[in-house]
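# Examination of the molecular architecture
Listed below are the residues making up each chain.
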Amino acid sequence: MKDGYIKVAAITPDLRVADVNYNTERICEKIIECSQAGAKAMAFPELCITGYSCGDLFLQDILLNKAVKGLKKIAKCTEGIDAIVFVGLPLCVKGKLYNAAAALHNGEILGIVPKTFLPNYNEFYEARYFTKGMEETVFIELGDEEVPMGKHLLFACDTMKEFVIGVEICEDLWAPNPPSIRQALFGATLIVNLSASDEAVGKEDYRRALVCGQSARLLCGYVYAGAGIGESTQDVVYAGHSLIAENGVLLAESAKYENGVVYSEIDLQKLNAERRRNTTFEPIDAANEDEIVPFSLKREHTALTRKIDPSPFIPHGKEERDKRCEEILSIQAMGLRKRLLHTGCQCAAVGISGGLDSTLALLVTVRAFDSLLLPRSGIRAVTMPGFGTTDRTYTNAVKMIKSLGASFQEVSIKKAVEVHFGDIGQDVSKHDVTYENAQARERTQILMDIANKEGGMVIGTGDLSELALGWATYNGDHMSMYAVNASVPKTLVRHLVRYSADICKDIGLKEALLDVLDTPVSPELLPPEEGEISQKTEDLVGPYELHDFFLYYMLRFGFPPKKIYRLAKLAFYGIYEEDVILHWLRNFYRRFFSQQFKRSCLPDGPKVGTVAVSPRGDLRMPSDASAAVWLKELEKIK
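Since the model is a prediction, treat every value here as computed from it, not as a measurement. (Residues numbered from 1 in each chain as written. Predicted model: local features only at pLDDT ≥ 70, side-chain atom pairs only at ≥ 80, totals over all residues. Heavy atoms only, no water.)

## Thoughts on the nonpolar core
Cut-off, in case you're wondering: Grouping buried Ala, Val, Leu, Ile, Met, Phe, Trp, Tyr and Cys residues that are joined through side-chain atoms within 4.5 Å yields what is termed a nonpolar core. The cut-offs for exposure are 20% and 50% of the maximum accessible area for each residue type, with area from a 1.4 Å probe on protein chains only; residues under the lower value are buried, those over the upper are exposed, and the others partly exposed. Only runs of H or I of at least four residues qualify as helices and only runs of E of at least two qualify as strands under DSSP, and these elements are numbered from the N terminus. For this analysis, residues touch if any pair of their heavy atoms sits within 4.5 Å.
In terms of nonpolar packing, the biggest core is built from 95 residues, with L362, F549, F550, Y589 and F592 touching the most fellow members. Ranked by the residues each element gives to this core, the list is headed by helix 16 (residues 544-557), at 10 residues. Residues contacting Y589, with those up to four places away along its chain left out, are M554, F559, P560, P561, I564, A627, W630, L631 and L634. Counting residues in each nonpolar core, the second largest holds 49 residues, with A67, V87, L142 and Y238 among its members.

## With respect to the sheet that holds strand 12 (residues 243-246)
What counts, and what does not: We treat two strands as partners when DSSP finds at least two bridges between them. Fitted lines through C-alpha atoms give the axes, limited to the stretch in contact for helices. The angle between two N-to-C directions lies from 0 to 180 degrees.
Across the sheet, seven strands lie side by side as 13-12-11-10-9-8-15; this open sheet has mixed pairing. Edge strands, defined here as strands with exactly one partner in the open sheet, are strand 13 (249-253) and strand 15 (292-295). Each neighbouring strand pair of the sheet contributes to a mean axis angle of 20°, computed without reference to strand direction. Across four bridges, the pairing between strand 8 (residues 154-157) and strand 15 is parallel. Following the sheet pairing, C157 is matched in strand 15 by F295. The sheet contacts of helix 5 (residues 203-217) involve strand 11 (221-226), strand 12 and strand 13, and relative to strand 12 the element is tilted by about 35°.

## A short note on the side chain of N587
Stated precisely, the cut-off is as follows: By the criterion applied in these results, polar contacts are pairs of N or O atoms within 3.5 Å in which, for protein atoms, one can donate a hydrogen and the other can accept it, and in which residues neighboring in sequence qualify only through two side-chain atoms.
Position of N587 among the secondary structure elements: in helix 18 (residues 578-594). Among the polar contacts made by the side chain of N587, one reaches the main-chain carbonyl oxygen of V541 at a distance of 3.2 Å. The residues contacting N587, other than those within four sequence positions of it, are V541 and H547.

## Remarks on helix 7 (residues 318-343)
Stated formally: Take the number of residues in a helix, subtract one, and multiply by 1.5 Å to get its expected span.
Between its first and last C-alpha, helix 7 extends 37 Å over 26 residues, near the 38 Å set by a 1.5 Å rise per residue. Buried residues along helix 7 sit against helix 8 (356-371), strand 19 (457-460), strand 20 (482-483) and helix 13 (490-502). Following helix 7 by one or two positions, G344 has its phi on the positive side, about 75°.

## Focus on the sheet that holds strand 16 (residues 348-351)
Reading across the sheet, the five strands line up as 18-17-16-19-20 and stay open at both edges, with parallel pairing between neighbours. The open sheet has two edge strands, strand 18 (407-410) and strand 20, and neither has a second partner. For strand 17 (residues 379-383) and strand 18, the ladder comprises four bridges, and the chain directions are parallel. Bridge pairing in strand 18 places R380 opposite S407. Strands strand 16, strand 17 and strand 19 of the sheet are contacted by helix 8, whose axis makes an angle of about 160° with strand 16. In this fold helix 9 (residues 391-404) packs onto strand 17 and strand 18, with an angle of close to 150° to the strand it touches most, strand 18.

## Observations regarding the packing of aromatic side chains
Heads up, the condition is: Only Phe, Tyr and Trp rings are paired, with Trp represented by its six-membered ring, and only when their centres lie within 6.5 Å; those with planes under 30 degrees apart are stacked, over 60 edge-to-face, the remainder tilted. In this analysis the charged atom, NZ for Lys or CZ for Arg, is taken to sit over a ring once it is within 6 Å of the ring centre and within 35 degrees of the ring normal.
Evaluation of the coordinates by the stated rule reveals 26 aromatic pairs. Residues F387 and Y435 carry aromatic rings whose centres are separated by 5.4 Å and whose planes lie at 25° to one another, so their mutual orientation is stacked. Of this pair, F387 sits in the loop between strand 17 and helix 9 while Y435 sits in helix 11 (residues 433-454), and the two are 48 residues apart along the sequence. An angle of 75° between the planes, with centres 6.1 Å apart, marks the rings of F592 and F593 as edge-to-face. Residue classification places F592 among the buried positions, given a relative accessible area of 1%. Through pairs of rings, three or more aromatic residues link up here, namely F313, F549, Y552, Y553, F557, F559, F572 and Y576. Sitting above the plane of the W174 ring, K203 keeps its charged end 5.5 Å from the centroid. Of note, K402 hangs over the ring of F408, and the distance from its end group to the ring centre comes to 5.5 Å.

Pasting the structure below:
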């Protein structure tokens with residue numbers, strides 16, 4: 001439960017139709033097994049105490065009475081177990097039979113939730129036996145216990161306030177107005193679904209889409225436990241398809257036709273952060289008091305089994321990654337296209353260094369010009385060799401410009417910068433920040449003046465990661481007339497260039513793009529050493545894959561530093577030592593706060609993903625905010 005994580009389990013036990021004793025034993029065995037694995041919330045399938053496929057046997061008193069006895073035995077099994085358990089059974093109340101889910105905790109029956117929507121079409125005949133769940137919560141007697149029963153019950157953990165559970169039963173999710181909508185608006189962060197969805201061609205995909213979609217719509221966790229092998233196959237087959245989803249992301253899924261358990265951890269802290277951020281998620285103030293059922297869990301460390309992606313901005317499957325790259329390139333190009341149309345510009349000035357960012361900016365500019373049927377010669381691609389330019393980057397820059405058909409222009413900055421150094425009294429042998437930034441500003445001045453001369457605009461090349469770290473010269477490469485890369489993180493820039501190389505038909509251009517990918521990231525502002533790049537950005541500010549990871553979880557979800565550190569250790573295990581991660585995390589926070597003034601006056605540029613730092617869009621942050629609280633938390637880490 002540390003850091004907002006709660007371990008959940010969707011369980012498909014072995015069962016025999018109508019054999020309550022056998023089923024009860026198997027359910028109890030799974031409760032113990034899941035408890036030993038650390039699960040704090042467990043969901044079993046619909047009507048699992050008897051089996052879903054009993055048919056008219058549901059009208060037999062002996063089966064119904066046996067089901068209640070089985071429920072009590074299972075409840076007793078939970079005594080001393082630190083978890084809340086949901087099991088399904090047929091339950092007779094005041095002469096009516098309900099398809100019900102029982103919530104069990106520490107030996108007690110906390111409450112009963114009846115099914116709201118009863119399918120009575122195709123192969124389903126539930127209305128033949130069952131009554132729709134009552135609108136108002138009632139209290140029923142189960143032996144010597146008085147238990148609340150109602151379709152609006154919520155189960156709230158009093159030791160973890162953000163942990164509130166709502167319950168659906170199979171068809172409830174498939175209905176136009178699922179009960180989980182109301183439950184989420186009343187505070188439920190986890191929905192459990194006890195299901196007996198049979199198999200048919202294509203149904204698996206639809207079921208998965210429903211579960212993921214509902215978890216996304218409600219900003220919640222969703223645990224779906226499906227009935228499996230053991231149910232009757234007289235007319236249909238049950239595959240035991242269980243799923244665990246969180247805000248649209250499938251965390252875990254069972255293999256079909258295999259009874260068993262699927263586990264994952266739901267990040268309740270993340271879900272609450274999403275709800276705070278989302279102004280259209282409008283919670284209802286309070287449910288009726290008799291609809292809130294409290295329970296307690298111990299606050300323990302939750303070991304994480306869910307995958308922590310070290311590259312949260314990057315899809316991992318090639319097909320999905322290529323699709324994402326094409327979409328991002330289109331967003332960038334269409335943003336620039338609109339700006340060119342609006343201004344009437346038929347010329348764009350782009351500084352080409354032979355590095356990743358300027359390469360991407362050039363590729364995007366070419367796409368925008370092509371979409372407007374403008375000649376690529378209107379792209380003024382300018383190389384500006386300086387004190388740190390190497391033959392490798394220069395050669396790649398020239399090759400790309402000529403292969404793409406842009407207008408090539410070369411303006412050396414060396415003499416101009418030396419004159420400027422003389423004007424301000426800067427020693428040319430002193431390689432300090434003035435030495436570096438003067439070169440960056442000279443290049444920007446050249447681009448601005450060329451754009452003015454040609455009636456065009458300067459296309460910015462800086463990326464999201466550089467903006468987050470403030471790794472840009474104020475009023476140098478920091479400035480442009482339209483910044484096409486402004487919301488693209490460095491790790492994603494690399495994949496966009498790789499994708500462009502993969503689809504490139506020009507062999508010379510492809511070779512240049514691939515060599516750009518192999519070139520160390522560098523501003524090339526310091527003289528080379530033996531012809532090689534001497535100034536490697538990641539040696540100075542840290543690995544971009546770490547900084548992009550930190551940036552994603554800080555801005556996207558508002559995670560505190562200690563939680564980001566915990567996740568980074570898991571994501572980069574075996575790649576970076578813990579002290580290295582901690583060092584660069586401290587550096588990230590220091591730079592992120594101190595460099596906000598650069599982000600406060602960014603030029604326009606298109607947003608492409610869920611994380612951006614535009615002062616007009618995603619990040620309204622004062623330039624003089626203190627990082628003390630964040631850094632103080634990191635100091636406590638041993």
